[in-house]
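Residue-level structure breakdown
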Amino acid sequence: MSWASWTTSGVFAGSGGVRTKEAGIVGGDLTVHTTWADGEAEVAVQFSGASDWFTLVGSPIRCPTEEASRAFHQSVVEAVRAGDGATVPAPHITEQPAPPPAAP
C-alpha cells in the first residue's frame with residue numbers, strides 16, 4: 001500500500017471560510033491536511049494550534065497517483081485562501097488514454 005500526506009499551516013481562509021462536514025463553515029487561521037492512500041485523497045482542516053480536525057465537504061476524492069495528490073493538496077490550499085464556503089475542488093488529473101489494441 002502506498003500513502004503520502006501533506007500539511008500546510010498558517011492558511012488564512014478567505015471571506016466566507018470553508019465548508020466542513022462536522023462544523024459547517026469555519027474560517028480564520030487554518031491548517032490544511034491531505035492524506036493520500038490507495039488512489040484516494042482525504043482532506044481535513046483545523047484551527048491552527050487546535051486538536052480537532054474537520055473533514056472538508058467533498059472529501060474523500062479519487063486521486064490516482066501520489067504526484068496528483070500533491071498537486072491536489074495545493075489546489076485545496078488555494079481554495080481555502082479563496083474562501084467563499086470552499087469545498088474540495090475537482091482535481092486536475094490528466095489520465096493517459098488506454099493504448100490501442102495490438103494489431104492482429
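This text follows the structure it describes.
Residues numbered from 1 in each chain as written. Predicted model: local features only at pLDDT ≥ 70, side-chain atom pairs only at ≥ 80, totals over all residues. Heavy atoms only, no water.

1. Topic: the overall build of the protein
The condition that has to hold: Under the scheme used here, helices are H or I runs from DSSP no shorter than 4 residues and strands are E runs no shorter than 2 residues, and both carry numbers assigned from the N terminus. Working definition: with a 1.4 Å probe on protein chains only, accessible area under 20% of the residue-type maximum means buried, over 50% means exposed, and in between means partly exposed. We call two residues contacting when some pair of their heavy atoms lies within 4.5 Å. Method for areas: the Shrake-Rupley scheme with a 1.4 Å probe, in which residue coverage is limited to the protein chains shown.
Looking only at helices and strands, the protein has one helix and seven strands in total. In sequence order, the secondary structure elements of the protein are arranged as β-β-β-β-β-β-β-α. The 104 residues of the protein split such that 37% are buried. Taking the intrachain contacts of the protein between residues at least 6 apart in sequence as the baseline, contacts between residues at least 24 apart amount to 55%. Accessible surface computed for the protein: about 6,000 Å², of which carbon and sulfur atoms make up 53%.

2. Focus on the side chain of Gln-46
For Gln-46, the location among the structural elements is in strand S5 (residues 40-47). The contacts of Gln-46, once residues within four sequence positions are left out, are Asp-29, Leu-30, Thr-31, Ser-51, Asp-52 and Trp-53.

3. Observations regarding the nonpolar core
In globular proteins that are soluble, nonpolar side chains generally tend to be buried together. The condition is simple: Residues belong to a common nonpolar core when they are buried Ala, Val, Leu, Ile, Met, Phe, Trp, Tyr or Cys residues joined through side-chain atoms within 4.5 Å.
Formed by 24 residues in total, the largest nonpolar core has its most connected members in Val-18, Val-32, Phe-72 and Val-80. Of all the secondary structure elements, the ones that give two or more residues to this core are strand S1 (3-12), strand S4 (29-37), S5 and helix H1 (66-82). Sorting elements by how many residues they give to this core places H1 first, with six residues.

4. Points about unusual backbone geometry
Residue Pro-60 is bonded to the preceding Ser-59 through a cis peptide linkage, with omega at 0°. Phi is positive for Asp-38, which is not a glycine, with a value near 50°. Locating Asp-38 in the fold gives a position in the loop between S4 and S5. Its identity as a non-glycine residue notwithstanding, Asp-84 has a phi of 60°, on the positive side. When you line up the elements, Asp-84 lands in the segment after H1.

Coordinates in, geometry out; function isn't part of it.
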